[in-house]
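Secondary and tertiary structure notes
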Amino acid sequence: MEEPGGHHFPRFGRGDGSTSSRVANWAVIGIFLILAFAAIAAGRDFLMPVTMAILLFFVFTPLRRLARRRGVPDAITAAVVTFGILALVAVIAYTASGPINRAVGNIPTISTRLEQKFQSVRASMRDLQEAAQKLDQAQVVGDERPAAAPTIRVEEEGETTLETVVKLTPQLLGQVLFTLVLMFFMLASGDLLYLKIVQSFDSLRDKRNAYLALREIEDSLGSYLGAITVINAGLGLSVGLAMWVWDMPGPLLFGLGAFLLNFIPYLGAIAGVAISAAVALVVMPGLFGPAMVALTYLALTSLEGQLITPYFVSRRLQMNAVVVFLAVALWAWLWSVIGMVIAVPVLVVLRVLAEHVPGWGKFGNFLAGDNPPALDEDEARDIVETAAGAGDAATARRATDPASPGEQE
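Residues numbered from 1 in each chain as written. Predicted model: local features only at pLDDT ≥ 70, side-chain atom pairs only at ≥ 80, totals over all residues. Heavy atoms only, no water.

Looking at helix H10 (residues 267-283)
Our working definition: By the criteria applied, helices consist of DSSP H or I runs no shorter than four residues and strands consist of E runs no shorter than two, each listed in order from the N terminus. A helix is expected to span 1.5 Å multiplied by its residue count minus one. Buried, partly exposed and exposed residues are distinguished by accessible area as a fraction of the type maximum, computed with a 1.4 Å probe on protein chains only: under 20%, between the cut-offs, and over 50%, respectively.
Here H10 is 17 residues long and its end C-alpha atoms lie 25 Å apart, about the 24 Å a rise of 1.5 Å per residue gives. Taken together, the buried positions of H10 are occupied by Gly-268, Ala-269, Gly-272, Val-273, Ser-276, Ala-277, Ala-280, Leu-281 and Val-282.

Printed below as a string of structure tokens:
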């Protein structure tokens, strides 16, 4: 029976905090999360470049704002940043192309050497394999199940690695181009995006808090990624020098790989140790040399992760290690390698938002009165334009404080 007032949906509780109402609310939240993750996974080809563009926009907005104070138009700054990223990617690709081409050309030799290296290991495992085969044969003989109809097996050839790379390269290049173009338009638009976000709130307090949240995201992402980039560059230099000392081939490529892989928490260091050990097995006799190369790489990454990064990265930006690991695993499942790269920056953004969104305080901690009168859109513009010349979030907070309007350092 339809209730008076035109309600068409069942009501799970009285709305007074009853158990049934709370259960219904959590059920709705659970369904929403399941659908949200499914949508994120399904839309990865579109959402990945959009997310990367938004993160890069926040990282380079302080530079755009600094250039504007020096009289440089936003479009010029956006073009310089975009082509600068393209030039950096081109330099990295050119630097890595030579050693990679040589490694691809030496694949037969590498396979032969690895075969010789592991021949003794296979010989020691042969007895165990024979015992396993005898056990399988005894199990088949003792099985008294009726004979089944013959099974026809159809073997399909999978794609080779080269075919997979050729197939994915146009898609990857398209996503990179889409990311850079979107970032260019966002930077070239100046404070328009901030203005639109601030205008979507009604009260002065909400408008100001929204703007300050955006500025703090800028500062946090810039501080975190800036510190991590410098630290990773130091790690890449150290790894390159260590590989040169060990007389490993392509020490420059090892240093570049260490720099890039270390942007992936946990798994990047593991991959670097595995790659260095595999190459050392090919070029060094015995097992002691490869073991020392792998231990050297592991020691350098452990020193970076346990001492250097915690010391130089602000305590406010440090994250719960368990949460970081789970976030990396989740984003890897959703978006593969790109997901692992953006996992920590997304956590940084969520932590900043948790400080400004009511009710998110406990969530932010898990990672680390009178309502003012409504304002019209001119006041939203005043907030954005007043703080546009501020150098950081703290200065913007003072500049937009109603108690001391216009105060800047």
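Right, picking up where we left off after that structure.
Points about the packing of aromatic side chains
Defined as follows: Working definition: rings of Phe, Tyr and Trp (its six-membered ring) pair if their centres are within 6.5 Å, and the pair is stacked with planes under 30 degrees apart, edge-to-face with planes over 60 apart, and tilted otherwise.
On inspection of all chains with the given rule, the structure shows nine aromatic pairs. A network of ring pairs unites the aromatic residues Phe-57, Phe-58, Tyr-194 and Tyr-211 as a single cluster.

Remarks on a nonpolar patch on the surface
Put simply, the test is: Patch members must show over 30% relative accessible area and no salt bridge, and they are joined within 9 Å when carrying like charges or within 5 Å when they are nonpolar side chains of Val, Leu, Ile, Met, Phe, Trp or Tyr. A 1.4 Å probe and the Shrake-Rupley method give the accessible areas. Residues count as covered only by the protein chains that appear here. What makes a salt bridge here is a side-chain nitrogen of Lys or Arg within 4 Å of a carboxyl oxygen of Asp or Glu, nothing more.
On the surface, Trp-26, Ile-29, Phe-32, Leu-33, Phe-37 and Trp-333 cluster together into a nonpolar patch covering about 720 Å² of accessible area. Ranked by residues supplied to the nonpolar patch, first place goes to helix H1 (residues 19-42) with five residues. With respect to the helices and strands, Ile-29 occurs in helix H1.

Concerning unusual backbone geometry
At Asp-247, a position not held by glycine, the phi torsion is positive, near 60°. With respect to the element layout, Asp-247 can be found in the loop between helix H8 (204-245) and helix H9 (251-261).

Looking at the pattern of salt bridges
In total, this model carries eight salt bridges according to the counting rule given. Of the charged contacts in the structure, one is a salt bridge between Asp-74 and Arg-64, with a shortest N-O distance of 3.4 Å. With a gap of 10 residues between them, Asp-74 in helix H3 (residues 74-105) and Arg-64 in helix H2 (residues 44-69) connect regions that are remote in the sequence. A salt bridge links Glu-218 to Arg-65; the shortest N-O distance between them is 2.8 Å. Here Glu-218, found in helix H8, pairs with Arg-65, found in helix H2; they are 153 residues apart in sequence, far enough to count as distant. Summarising the burial analysis for this pair, Glu-218 and Arg-65 share the class buried. Salt bridges linked by common partners bring Arg-64, Arg-65, Arg-68, Asp-74, Asp-191, Arg-215 and Glu-218 together as one network.

Observations regarding the UniProt feature "transmembrane region" (unreviewed entry) in the chain
The condition that has to hold: UniProt positions are given in the numbering used here, feature names are shortened, and annotations may be inferred rather than shown by experiment.
Residues annotated in UniProt with the feature "transmembrane region" (unreviewed entry) correspond here to residues 23-40, 46-63, 75-96, 172-195, 224-246, 252-271, 278-300 and 320-353. Measuring from the first to the last C-alpha atom of residues 46-63 gives 27 Å, for a span that is 100% helix and 0% strand. Secondary structure content for residues 252-271 is 75% helix and 0% strand, and the end C-alpha separation is 17 Å.

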